[in-house]
Each structure stands twice: as structure tokens, then as C-alpha cells.
Amino acid sequence: MGNVMSASFAPECTELKKKYDDCFNEWYSEKFLKGKSVENECSEQWYSYTACVDAHLIKQGIKPALDEARKEAPFEEGGAIKDED
Amino acid sequence: MRLFQNSYDFNYPWEQVTAANWKKYPNEVSTHVIAVDVLRREVCRQGRQLVSERLITVKQGVPKWITMIVGASNLSYVREVSVVDLDSKTLTLRSCNLTYSNILKVFETVRYSPHPEDPQNKTLFNQEAQITAFVAINKLCNKLEEFSVQRFRDNASKGKQGFDSVLEVFSAQWDKMNGAVNDSHSAIINGNFDLIKNAFRNKN
């Protein structure tokens, strides 16, 4: 239950996601929250996982809607909606 | 447009709640969330801020009259951007649906912060959602918005219950971890194992 990791939207990426999540969660509690880290240290797991995700976002046709949402509520703004002109 | 607002307390410290936030799904109550993916993640401001973009996959049955408007599919996607800020001690999550967004848009903002009355032990949860339907027929538009508000309310309540169950498990692990650290310290300092251990247990 609380221990179970969530799956990826693409079953092919779930294993890679688990490896990344394990690394991230440890880093988050042990380093980030304690102010001991200025960078995300799970880059190796991250690149494998994110390559898988990016490919499947395109394959499953999710990318266009995602790009639209990114324009509307940019990451750089913390996901806040841009004021419409 | 309809507004939905909600707030409640979690009986766990803010740091713990933010760490458990990444493990919120799957949980036994919010079974409609079937997958969560991280799309982008950056550490900013010399390690004081963490920004994450996630894709949340939801599978939930909807009434037939809705599938007739939006096309038949029970699978939908939500994009969420979250910011953990260690200086202001806030975790803010903003999300919007990617699927059916030409017909219905749900903008949700959630904020976790230390509870003003008990900042060490409690976390305040604030939730706000803006629900707008874009259907030409006014009556249908209202009906869709009403349905969505109700669905949102149900899911929000499941979210609280589900997160509580995750927090319970997570908090036990957290205490064990920090307890173990305290134990070894105490063993080194004065060899008095049980005294410190019990003190730690009582504190929590």
C-alpha cells in the first residue's frame, strides 16, 4: 500500500520509473529537505526513465495536449496560468 | 464557472507530508489514479526550491450522457506542476486536465503549509478548483459543471482519506528511520538506549 510505487502511464516505463523513484525519494528526504543538496542526484536513473516517457508521450498521442498546457501554464511560472491578453 | 474550496489539517509535520506527497499514489481509496509520471524536475535557488511537472493518469467511469458529449473513454490525463519551497515552507501543486479540455477545464491549486497553530506537528491543506464547461447548450453546460463539481468533491474526499492512509504507513517508516539515528547517537553518547528511545517515542 504505502510502500507500493505507482506505475507509469506506459507499462514499458514502470520499471525505470521505480528505479528513479527509489533514488529520488531517498534524495528528497535525506538531502533536499535537510538543505544538503543543490542538485538532483539521480540523473542516471532520470535519463533512462525520461527517455522512455518522452517516447511514449508521442506514441500515445499525449504530447500535443501537453504542449498546449505547457504554453498556458508554464513550468517556469510554477504552473500558474499565464494572464490572457 | 464554478468554484470548489476545501481545507483541512493533517496531523503530521510539513516536511513529512511533502515527502509522502511523492508516494501518495497508489493508495487504497483513490483507486481512480492509476499512474503518476514525472516529466520534468529542477532544483532551483541553490537547493531551496524543487519544481516538478507530473502527468497523472486517471481511470474513472463517467455517466453515459457525458461519454456522448466527450466521446467514449474512461481514461484521462492531468498535468500538474508543483513547487516545494523550503524558505516559505510551502508545497504548491497546480493542475489542469489535458483530456477533454475543449469541453471542460478544471484548474486546481493545492497548498500544504505548516499549521499556524501547531507548525511543528501539523500541516494545513488548502484546495481550490475552478471548473468551467464550454458547451454551447446552456442547460447541458450547467449539468456538466454540476456533475464535475460533485465528482471533484467525491475525489477530494477520497484524496484526503487515501493520503491519510499513506501518511500513516510513511510516518511509521520515517519515525523508525529517525529513531534509529537517535538510538545510535544515544548509544555513543551515554549508552542509555531505552531512555532516549522512549523519549523519542513519547515525543511523537
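Residues numbered from 1 in each chain as written. Chains lettered and ligands numbered in written order. Predicted model: local features only at pLDDT ≥ 70, side-chain atom pairs only at ≥ 80, totals over all residues. Heavy atoms only, no water.

**Observations concerning the overall build of chain B**
So, point 1. Helix and strand counts for chain B come out as four helices and seven strands.
So, point 2. Counting across all 204 residues of chain B, residues that qualify as buried make up 50%.
So, point 3. Expressed as a percentage of contacts within chain B between residues at least 6 apart in sequence, the contacts between residues at least 24 apart total 57%.
So, point 4. Accessible surface, chain B as shown: approximately 10200 Å² in total, 51% of it carbon and sulfur. (Helix = DSSP H or I, 4+ residues; strand = E, 2+ residues; numbered from the N terminus. Buried < 20%, exposed > 50% of the residue type's maximum accessible area, 1.4 Å probe, protein only. Contact = heavy atoms within 4.5 Å. Areas by Shrake-Rupley, 256 points an atom, 1.4 Å probe, with all protein chains shown as cover.)

**Thoughts on the side chain of A:Ser8**
So, point 1. Secondary-structure assignment places A:Ser8 in the segment before helix H1 (14–32).
So, point 2. Side-chain polar atoms of A:Ser8 contact the side chain of B:Asp37, separated by 2.7 Å. (Polar contact = N/O pair within 3.5 Å; in protein donor to acceptor, adjacent residues only side chain to side chain.)

**Comments concerning the packing of H1(A) against helix H2 (residues 43–59) of chain A**
Helix-helix packing: each pair is described by the crossing angle between the helix axes and the interaxial distance.
Residues and elements named next belong to chain A.
So, point 1. Two numbers describe how H1 lies on H2: the axes approach to 9 Å, and their chain directions differ by 145 degrees. Both H1 and H2 take part in a crossing whose hand is left-handed. Listed contacts from H2 to Leu 16, Lys 17, Lys 19, Tyr 20 and Cys 23 of H1 are Gln 45, Trp 46, Ser 48, Tyr 49 and Cys 52.
So, point 2. In terms of residue class, the contact of H1 with H2 is made up of six nonpolar, two polar and two charged. (Axes fitted to C-alpha atoms, helices over the stretch in contact; angles between N-to-C directions. Left-handed = near helix turned anticlockwise from the far one by under 90°. Nonpolar A, V, L, I, M, F, W, Y, C, P; charged D, E, K, R; others polar.)

**Some remarks on the side chain of B:Ser148**
So, point 1. Within the secondary structure, B:Ser148 is located in helix H3 (residues 138–189).
So, point 2. Every residue in contact with B:Ser148, bar those within four places of it in the chain, is listed here: B:Leu104 and B:Ile131.

**Considering the state of the cysteines**
So, point 1. Applying the stated criterion across every chain, the model contains two disulfides over all chains.
So, point 2. A sulfur-sulfur distance of 2.1 Å marks the disulfide that ties A:Cys13 to A:Cys52. Of note, the bridge from A:Cys13 to A:Cys52 carries an S-S torsion of about -90 degrees and is left-handed in sense. Residue A:Cys13 is found in the segment before H1, and its partner A:Cys52 is found in helix H2; the two are separated by 39 residues along the sequence. A single burial state applies to A:Cys13 and to A:Cys52, both of which are buried.
So, point 3. Here A:Cys23 is linked by a disulfide to A:Cys42, with a sulfur-sulfur distance of 2.1 Å. Residues A:Cys23 and A:Cys42 are joined by a disulfide whose S-S torsion is about -90 degrees; by sign, that bridge is left-handed. Within this pair, whereas A:Cys23 is found in helix H1, its partner A:Cys42 is found in the loop between H1 and H2, the two being separated by 19 residues in sequence.
So, point 4. Judged by its relative accessible area of 1%, A:Cys42 falls in the buried class.
So, point 5. Here B:Cys96 stays free of any disulfide, with the sulfur of B:Cys141 as its closest cysteine sulfur at 16 Å.
So, point 6. We classify B:Cys96 as buried; its relative accessible area is 10%.
So, point 7. Residue classification places B:Cys141 among the buried positions, given a relative accessible area of 11%. (Disulfide = S-S within 2.5 Å.)

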